[in-house]
Amino acid sequence: MGLPKFILGDNSDYPNAIYVIHTEFPRFIINLEDDEVEWFEDFDEDDEGELETETANAIKLATEFYDNEISKYEE
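Model, not experiment: these values are computed from the prediction.

## Re the overall build of the chain
Each helix and strand in the chain was counted, giving one helix and four strands. For the chain, the share of sequence-separated contacts (at least 6 apart) that also reach a separation of at least 24 residues comes to 24%. For the chain, the exposed area adds up to about 5700 Å²; of that, 47% sits on carbon and sulfur atoms. If you average the places of the 4 positive and of the 23 negative side-chain charges in the chain, the two averages end up 10 Å apart.

Here you go:
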């Protein structure tokens with residue numbers, strides 16, 4: 001099965017949270033309410049510099065994905 005790169009998620013226990021799940025490496029979930037990121041990957045110290053760059057880019061892409069999806073509902 002092929003998965004989309006991003007998936008929207010929510011949970012009734014956290015009514016204000018909006019989650020975007022990134023399914024490709026580096027896999028993570030971001031809560032757009034507070035930009036908290038939960039990683040599904042283990043990183044070592046050598047990955048730290050690349051991780052910082054990837055994190056900023058991944059959060060930007062996740063936010064753009066969310067904005068694009070929401071705009072479809074508003075049309």
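## Quick look at the sheet that holds strand β3 (residues 28-31)
Across the sheet, which stays open at both edges, the four strands sit in the order β1-β2-β3-β4 with antiparallel pairing between neighbours. Of all strands in the sheet, those with a lone pairing partner are β1 (6-9) and β4 (36-39), marking the two edges. Between one strand and the next, the sheet's axes are offset by a mean angle of 20 degrees, whatever the strand orientation. Pairing of β3 with β4, which is carried by four bridges, proceeds in the antiparallel orientation.

## Brief notes about unusual backbone geometry
Residue Pro 26 is bonded to the preceding Phe 25 through a cis peptide linkage, with omega at -5 degrees. Take Pro 26: it is sitting in the loop between β2 (19-22) and β3. A positive phi is found at Asp 35, a non-glycine position, where the angle reads about 60 degrees. Counting through the fold element by element, Asp 35 comes out in the loop between β3 and β4.

Definitions and limits used
Residues numbered from 1 in each chain as written. Predicted model: local features only at pLDDT ≥ 70, side-chain atom pairs only at ≥ 80, totals over all residues. Heavy atoms only, no water. Helix = DSSP H or I, 4+ residues; strand = E, 2+ residues; numbered from the N terminus. Contact = heavy atoms within 4.5 Å. Areas by Shrake-Rupley, 256 points an atom, 1.4 Å probe, with all protein chains shown as cover. Lys, Arg positive; Asp, Glu negative; His and termini not counted. Charge placed at Lys NZ, Arg CZ, Asp CG, Glu CD. Pairing = 2+ DSSP bridges. Axes fitted to C-alpha atoms, helices over the stretch in contact; angles between N-to-C directions.

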